[in-house]
Amino acid sequence: MSGLLRNKAILITGAAAGIGRATALLAVQEGARVLVSDIEEAGLASLVREIEAIGGVVEARLVEVGTAEAAKALVDSTQAAFGSIDGAFNNAGISGPMVPLLEYPDVQYERVHRVNLDAVWHGMKAQVQVMMKLGAGAIVNTASVGGLVGRAGISAYVSSKHAIIGLTKTAALEYGSHNIRINAICPGVIRTRMNLQFAHGDQALEDQMAKMQPIGRWGYAEEVAECAVWLLSDRASLVHGHALVADGGFTAA
Ligand SMILES: NC(=O)c1ccc[n+]([C@@H]2O[C@H](COP(=O)([O-])OP(=O)(O)OC[C@H]3O[C@@H](n4cnc5c(N)ncnc54)[C@H](O)[C@@H]3O)[C@@H](O)[C@H]2O)c1
């Protein structure tokens, strides 16, 4: 390990599974202390056990993201646990239903935007405020290739992810001079529960999904974690206001 995040205190949302979980594990291996958060108690507990088994320092909080109160509670908890907050990975997200616009229930549209977008909005507000006082920080928001191109059937997801990129770039313009770097990542087709639930175990459909990426295979949470950890680290010192694509070429065409 290169110690990319040595001694840094990092907050990670959506950490019980998938990309958040892989990022928490890699961040710890790279020297970070992590506050991991999610709404899934069992997944969070098993992550804590795994981190402690490798000698990592971890605190866990069961918090539903999407409100100002939740965002503040997570920043406060990170500071209380570690005396600082050097980085935040605003990653929790849901896909919502797969139906055309006219059939898309308004209540689901609102839920997808609350979890995906409002959480980043409130998260950044709480995080930037404290990082300004600390004089430094790095924030990474999980967008998606759905933040760069449209995709039929998931309008709320796509609009929430496009908005995350706009928000990331704007916050970067506003707070870069405070030594706070703010970036987004745009994963492609990653083999996590979010995608696997669409396939329902149908191997032909899984193969079809893998082929959406020109590399001809699924992406893995660990590959996205590499991007998130690097962006959170000082080694990405000149990268700011960027939406980093990790999609096996999906958006190259
Ligand atoms: N899997 C992909 O192909 C893909 C592609 C692009 C972007 N993403 C994004 O990556 C992020 C992580 O997704 P994933 O693929 O790891 O999926 P995942 O379902 O494995 O993990 C998402 C995590 O977020 C948590 N979560 C959901 N709602 C929450 C809430 N209200 N409050 C707190 N936590 C909540 C879940 O419990 C889960 O642990 C999401 O923002 C997703 O949109 C995923």
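Use the structure listed above.
No experiment lies behind these values; they were computed from the predicted model shown.

Draft legend 1. Main features of the pairing of strand β1 (residues 9–13). Counting buried positions along β1 gives five out of five residues, so the element sits mostly inside the fold. Burial along β1 is two-sided: Ala-9, Leu-11 and Thr-13 and Ile-10 and Ile-12, pointing in opposite directions, are all buried. Pairing between β1 and strand β2 (residues 33–38): five bridges, direction parallel. Within β2, the residue paired with Ala-9 across the bridge is Arg-33. Note that the unit made of β1, helix α1 (residues 18–29) and β2 has a crossover that is right-handed. Here three bridges tie β1 to strand β4 (residues 87–90), and the two strands are oriented parallel to one another. By the bridge assignment, Ile-10 is partnered in β4 with Gly-87.

Draft legend 2. Structural view of the nonpolar core. Ranked by size, the top nonpolar core spans 38 residues in total, and within it Leu-11, Met-124, Ile-139 and Ile-182 carry the most contacts. Elements that contribute at least two residues to this core include exactly β1, α3 (68–82), α4 (106–134), α5 (155–175) and β6 (180–187). No other element matches the ten residues that α4 contributes to this core. Beyond its immediate sequence surroundings of up to four residues, Leu-11 is in contact with Leu-35, Leu-74, Val-75, Thr-78, Ile-85, Gly-87, Ala-88, Phe-89 and Gln-127. Judged by nonpolar contacts, the second largest core, of 37 residues, contains Leu-26, Leu-47, Cys-227 and Ala-228.

Draft legend 3. Main features of the environment of Asn-179. Within the secondary structure, Asn-179 is located in the loop between α5 and β6. Sequence separation between Asn-179 and Val-65 is 114 residues, and the spatial gap between their C-alpha atoms is 26 Å. Residues in contact with Asn-179, not counting those within four places in the same chain, are Gly-135, Ala-136 and Gly-137. In this structure the side chain of Asn-179 is engaged in a polar contact, spanning 3.0 Å, whose partner is the backbone oxygen of Gly-135.

Draft legend 4. Spatial organisation of the packing of α3 against α4. Orientation of α3 relative to α4, taken along the N-to-C sense of each, is 35°, at an axis distance of 7 Å. α4 is crossed by α3, and the crossing has right-handed handedness. Contacts between α3 and α4 involve Ala-68, Ala-71, Lys-72, Val-75 and Gln-79 from the first element and His-122, Gly-123, Ala-126, Gln-127, Val-130 and Leu-134 from the second. Here the contact of α3 with α4 is built from residues that sort into six nonpolar, four polar and one charged.

Draft legend 5. Summary view of unusual backbone geometry. With a phi angle near 65°, Asn-179 is a residue other than glycine that sits in the positive phi range. Even without being glycine, His-200 reaches a positive phi, approximately 50°. Along the polypeptide, His-200 turns up in the loop between α6 (193–199) and α7 (203–210).

Draft legend 6. Expanded view of the pairing of β6. Where burial is concerned, most of β6 is hidden: eight out of the eight residues are buried. Residues Ile-180, Ile-182, Ala-184 and Cys-186 of β6 are buried on one face, and the alternating residues Arg-181, Asn-183, Ile-185 and Pro-187, pointing to the opposite face, are buried as well. Bridge count between strand β5 (residues 137–142) and β6: six bridges; the pairing is parallel. Bridge pairing in β6 places Ala-138 opposite Arg-181. Traced from β5 through α5 to β6, the parallel crossover comes out right-handed. Two strands pair when backbone bridges link them, and β6 and strand β7 (residues 243–246) are joined in this way by four bridges, in the parallel orientation. Counted as the bridge partner of Cys-186 is Val-245 from β7.

What counts as what
- Per chain, residues are indexed from 1 in the order of the written sequence.
- It should be noted that, the model being predicted, local features are given only for residues of pLDDT at least 70 and side-chain atom pairs only at 80 or more, the latter also being counted only at that level, while totals for whole chains, interfaces and linings use all residues.
- Hydrogens and waters are ignored; side-chain quantities use all the structure's heavy atoms.
- Only protein chains enter the accessibility calculation, which uses a 1.4 Å probe; a residue is then buried when its area is under 20% of its type maximum, exposed when over 50%, and partly exposed in between.
- Numbering goes from the N terminus for both helices and strands, where a helix is a DSSP run of H or I of at least four residues and a strand is a run of E of at least two.
- Two strands make a pair as long as DSSP finds a minimum of two bridges between them.
- Every crossover in which the path from the first strand over the helix to the second runs clockwise, viewed with the strands pointing away from the viewer, is termed right-handed.
- Buried Ala, Val, Leu, Ile, Met, Phe, Trp, Tyr and Cys residues that are joined via side-chain atoms within 4.5 Å together make up what is termed a nonpolar core.
- Here a residue-residue contact requires only that any non-hydrogen atoms of the pair lie within 4.5 Å.
- N or O atoms within 3.5 Å of each other form a polar contact, as long as, within protein, one can give a hydrogen and the other can take it, and as long as residues adjacent in sequence are counted only when both atoms are side-chain atoms.
- With axes taken as lines fitted to C-alpha atoms, and helix axes fitted only over the stretch in contact, angles between N-to-C directions fall between 0 and 180 degrees.
- A clockwise turn of the near helix away from the far one marks a right-handed crossing, whereas an anticlockwise turn of less than a right angle marks a left-handed crossing.
- Asp, Glu, Lys and Arg are counted as charged, while Ala, Val, Leu, Ile, Met, Phe, Trp, Tyr, Cys and Pro are counted as nonpolar; the rest, among them Gly, fall into the polar class.

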